[in-house]
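The chain contents come next:
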Amino acid sequence: MNITVTHKLATRLLEAGSEPVSGQQLADEFGVSRTAIWKHMKELEEMGYGIESVRKKGYRIQKSPDSLEAFLVQADLKTKKIGKRIEYMEQCASTQIVAHQLAQEGAPDGTVVIAELQTEGRGRLMRKWDSAKGQGIWMSIILRPDVPPHKAPQFTLVAAVAIVRAIQSVTGLEASIKWPNDILFGTKKATGILTELQSDADGIQALIIGIGVNVNQEREDFDAAVQDIATSLRLESGQPINRRELVQEILHFLEVYTELYIEKGFAPLKILWEGHSATIGKAIRARMSRETLEGIAEGITEDGVLQLRTADGKLHGIYSADIELK
Ligand code: BTX
């Protein structure tokens, strides 16, 4: 059985959505017999698809397997640029490492690297990111925006807004953002974002935006070290979540908001970001490499810098820190 034809058939049916496609039409389009089409359908069922055969009308997909293979994510993907190239792996050390390598080799703007399992998933400052197999979204996106390197941290905020909107669209859940890169439910973390940079004297060569979303983990699926601080969309919603749809929506909103950013600057995104923020207006503790400051988070600047007012009335610009809500 030709696996590429099977994949193309799956793509064709996914794109047709709820509209059944007749066996004869598929046979004509793919230049094979109707019996061959029927065999491909059986093959798809073995791969985990639910195929419905609608009398006199044809076939349609009821359920696709829980995999993030490129052809599945790309079927009915709404983007123009992000995700047009997807590198999918069952396993890798970290999608960040793979994306850095691809970016250096000239991978185009919008290339996405996705893995089912990361053995050395990482957070900021080389902290460990727990990336259980097949239960989350572990992906890195290569962007090549024409902006100066000091603007790179703003993309973490743009990505955070995109992820919150995507989660809302797929699950109906309202997450909040803790400056700069955590997406929370209450005080528990469901998502981390890691933005890294390749730049030279001419400016940004590539931004590598790493996104880790806890999707279908149960509490015991997390490493013991994070069980009390992590949550997943399944734990929050009480039901399993379709990872494929969520990836598609994240890529879609990331494209929408990066375009908005490029056209209009950070100002409109600042408003969106503040609307979802769990930090603004709150008493916080900001731990930085050299000092720790406590005070009220008043807002973010047009550049995405957190404004913290300490008890002595001074306003401090925080560029990078770990934030605790007090
Ligand atoms: P961060 O430094 O803000 O957060 C890391 C901290 O979060 C860890 O020290 C730990 O306390 C906690 N943690 C670790 N794993 C999880 C988890 N699954 N859920 C909730 N909390 C956790 C955040 O860094 C940035 C994470 C980016 C991850 C993506 S995954 C795809 C890409 N590849 C890669 O290696 N990293 C990025």
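The structure presented is a predicted model; accordingly, all values stated were derived computationally and were not measured.

Rules used in this analysis
In this convention, every chain numbers its residues from 1, walking through the sequence in written order. Where local features are concerned, this predicted model is filtered to residues with pLDDT of at least 70; where side-chain atom pairs are given and counted, the filter is 80 or more; whole-chain, interface and lining totals use all residues. Hydrogen atoms and water are omitted, and side-chain values are computed over all heavy atoms in the structure. Stacked, edge-to-face and tilted are the three classes for Phe, Tyr and Trp ring pairs, Trp counted by its six-membered ring, which pair at centre distances within 6.5 Å; planes under 30 degrees apart are stacked, over 60 edge-to-face, the rest tilted. Each helix is a run of H or I in the DSSP string that is no shorter than four residues. Each strand is a run of E no shorter than two, and both are numbered from the N terminus. Classification of residues uses two cut-offs on accessible area relative to the type maximum, computed with a 1.4 Å probe and protein chains only: under 20% is buried, over 50% is exposed, and between them is partly exposed. The criterion used for residue contact is that any of the two residues' heavy atoms lie within 4.5 Å. Being paired, for any two strands, means DSSP has found at least two bridges between them. Note on handedness: a crossover is taken as right-handed if, strands pointing away from the viewer, the path from the first strand over the helix to the second is clockwise. UniProt positions are given in the numbering used here, feature names are shortened, and annotations may be inferred rather than shown by experiment. Polar contact is the term for a pair of N or O atoms within 3.5 Å; when the atoms are in protein, one must be able to donate a hydrogen and the other to accept it, and sequence-neighboring residues count only if both atoms are side-chain atoms. Lines are fitted to the C-alpha atoms to define the axes, a helix being fitted only along its stretch in contact, and any angle between axes, read from their N-to-C directions, falls within 0 to 180 degrees.

## Considerations on the packing of aromatic side chains
Going through the model one piece at a time under the given rule, you end up with three aromatic pairs. Aromatic side chains F253 and Y257 sit 6.1 Å apart centroid to centroid with 20 degrees between the ring planes, which places their arrangement in the stacked category. Taken together, the residues span about one helical turn, with F253 and Y257 both in helix α8 (residues 243-264) at a distance of four residues. For F253, a relative accessible area of 9% puts it in the buried group. Judged by its relative accessible area of 7%, Y257 is buried. Site record: aromatic cluster; members linked through ring pairs are F155, Y261 and F266.

## Observations regarding the environment of A132
The residue A132 is located in the loop between β4 (112-118) and β5 (136-143) in this model. Put simply, A132 and G121 are eleven residues apart on the chain and 9.7 Å apart in space, counted from C-alpha to C-alpha. Beyond its immediate chain neighbours, meaning those up to four positions away, A132 contacts E116, W138, Q217 and D221.

## Points about the pairing of β4
In terms of burial, β4 is a largely internal element, six of the seven residues being buried. Relative to β4, strand β3 (residues 86-92) runs parallel, the two sharing six bridges. Its bridge partner lying in β4, M89 is registered against A115. Taken together, β3, helix α5 (residues 95-104) and β4 constitute a β-α-β crossover, and its handedness is right-handed. Bridging between β4 and β5 involves four bridges; their strand directions are antiparallel.

## Some words on the UniProt feature "DNA-binding region" (unreviewed entry) in the chain
As recorded in UniProt, the sites labelled "DNA-binding region" (unreviewed entry) are residues 23-42. Secondary structure content for residues 23-42 is 85% helix and 0% strand, and the end C-alpha separation is 13 Å.

## Remarks on the side chain of S140
Following the sequence through the fold, S140 ends up in strand β5. Engagement of the side chain of S140 in a polar contact is seen with the side chain of T95, the distance being 2.7 Å. Discounting chain neighbours no more than four positions away, the residues touching S140 are T95, Q96, A99, T111, V112, V113, I208, I209 and G210.

## Details of the pairing of strand β13 (residues 315-318)
Pairing geometry for strand β12 (residues 306-309) and β13, over four bridges, is antiparallel. Along β13, the bridge assignment pairs L306 with I318. If you look at the hairpin formed by β12 and β13, you'll find five residues sitting between the two strands, and G313 has a positive phi there, around 90 degrees.

## Remarks on the sheet that holds strand β9 (residues 203-214)
Across a sheet, strands are paired by hydrogen bonds formed along the backbone, either parallel or antiparallel in direction. Strand order in the open sheet formed by seven strands is β3-β4-β5-β9-β8-β7-β6, with mixed pairing between adjacent strands. Each of the sheet's edge strands pairs with one partner strand only, and the pair in question is β3 and β6 (176-178). Recorded for the sheet is a direction-independent mean angle of 20 degrees between the axes of neighbouring strands. Sheet strands in contact with α5 are β3, β4, β5, β8 (188-200) and β9, and its direction is about 20 degrees off that of β5.

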